[in-house]
Amino acid sequence: MLREIILSVIISIDIFLAAAAYRSCGIKIPVSSAVVINAIGAFFLGLSLVFSRLMGNIVPEKLCEICGFIILTSMGIITIFKSLIRNLVRRLSERGELSLPTGNSGIVVKLYLDDTAADFDSSKILSPKEAAALAIAASLDSISIGLGVGYEINPAISAFFAFIAGALAIFFGSLAGRKISSLNCDFSWVGGAALIIFGIWEFIK
């Protein structure tokens, strides 16, 4: 059960940071929207874990371990790289808008990779529909992680803990939003580093 808990905590890091970003921008996440986000994330994680477990019955265990290690470390590296890009774009944007000139006009290119972009109607309230779009877009990480470790982790328990951890992440992220945003830095690399460490731990255990 320890591994299921650790896995759910790692997945909830991005949810925590997203909730903090929304809070810093004054966007509220109602309980219904929080339930939608966590339910979709837990569903995709559980589904990918089930699929990975089925594959584990066909593919040799050692090959599953190698594939899992590659998937987890790759996702970790990609997450860290994305965080570096966000920090770079943030610094560039502080010097002025980034634009792509076309002829005599300019098209403003938003390269900021904004976590709050899901608030499509700018209502400052994340509706369940917007929450679903955000959760589905973010589910790639959960699917990749599930495929990487699912051959020996309980899908139902992991989905349950992922839902609970996600709810706590939204709650505490909303509380810490302004303090985190005041640091003016993207911390999503923490989740990437955690994935790499978890992948190494799973491989050498």
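Residues numbered from 1 in each chain as written. Predicted model: local features only at pLDDT ≥ 70, side-chain atom pairs only at ≥ 80, totals over all residues. Heavy atoms only, no water.

Asker: Which parts of the structure should I look at to understand the overall build of the protein?
Answerer: The helix and strand tally for the protein stands at 6 helices and 2 strands. Going from the N terminus to the C terminus, the protein shows its helices and strands as α-α-α-β-β-α-α-α. Across the 205 residues in the protein, those meeting the buried criterion constitute 38%. Contacts in the protein between residues far apart in sequence, at least 24 positions, make up 86% of those at least 6 positions apart. (Helix = DSSP H or I, 4+ residues; strand = E, 2+ residues; numbered from the N terminus. Buried < 20%, exposed > 50% of the residue type's maximum accessible area, 1.4 Å probe, protein only. Contact = heavy atoms within 4.5 Å.)

Asker: Help me out: how do you make sense of helix α6 (residues 189-204) in this one?
Answerer: Quick reminder: α-helices carry 3.6 residues per turn. Residues three or four places apart thus point the same way. Counted at 1.5 Å a residue, the expected span for α6 with its 16 residues is 22 Å, and the 23 Å between its end C-alpha atoms agrees. When α6 is considered as a whole, its buried residues turn out to be Gly-191, Gly-192, Ala-194, Leu-195, Phe-198, Gly-199 and Glu-202. The buried residues of α6 occupy an angular sector of 160 degrees when the element is viewed end-on, so they sit on one face. In α6, the exposed residues that point more than 90 degrees away from the buried face are Ile-197 and Ile-204. (Expected span 1.5 Å × (residues − 1). Arc of directions from axis to C-beta.)

Asker: What's the story with the packing of aromatic side chains in this structure? I'm lost.
Answerer: Here a ring pair, both rings aromatic, is described through the centre-centre distance and the interplanar angle of the planes. All told, the structure shown has 4 aromatic pairs when counted by the stated rule. A centroid spacing of 5.5 Å and a plane angle of 70 degrees characterise the contact between Phe-43 and Phe-44, whose relative ring orientation is edge-to-face. When the centroid spacing of 5.1 Å and the interplanar angle of 80 degrees are considered together, the rings of Phe-171 and Phe-172 count as edge-to-face. (Phe/Tyr/Trp six-rings, centres within 6.5 Å; stacked < 30°, edge-to-face > 60°.)

Asker: Sorry, what's going on with the nonpolar core here?
Answerer: Inside soluble globular proteins, nonpolar side chains tend to come together where they are buried. Membership of the largest hydrophobic core comes to 16 residues, with the highest contact counts inside it found for Leu-7, Leu-45, Leu-72, Ile-145, Val-149, Leu-195 and Phe-198. Contributions of two or more residues to this core are made by α1 (2-24), α2 (31-56), α3 (61-93), α4 (128-149) and α6. With 5 residues, α1 is the largest single contributor of residues to this core. Apart from the residues lying within four places of it in its own chain, the contact partners of Leu-45 are Leu-7, Ile-11, Ser-142, Gly-146, Ser-158 and Ala-162. (Core = buried A, V, L, I, M, F, W, Y, C linked by side-chain atoms within 4.5 Å.)

Asker: Would you mind showing me how to read a nonpolar patch on the surface here?
Answerer: A cluster of nonpolar side chains, namely Phe-160, Ile-164, Leu-168, Phe-171, Phe-172 and Leu-175, defines an oily patch on the protein surface of about 640 Å² accessible area. Along the polypeptide, Ile-164 turns up in helix α5 (residues 155-182). For Ile-164, a relative accessible area of 37% puts it in the partly exposed group. (Patch = residues over 30% accessible without salt bridge, like charges linked within 9 Å, V, L, I, M, F, W, Y side chains within 5 Å. Areas by Shrake-Rupley, 256 points an atom, 1.4 Å probe, with all protein chains shown as cover. Salt bridge = Lys/Arg side-chain N within 4 Å of Asp/Glu carboxyl O.)

Asker: Could you clarify how one ought to interpret the environment of Ile-11 in this entry?
Answerer: If you trace the backbone, Ile-11 turns up in helix α1. On the accessibility criterion, Ile-11 (13% relative accessible area) is buried. Separated by 130 residues in sequence, Ile-11 and Asp-141 have C-alpha atoms that sit 7.9 Å apart. Ignoring anything within four residues of it in the chain, the contact list for Ile-11 reads Leu-45, Ser-142 and Ile-145.

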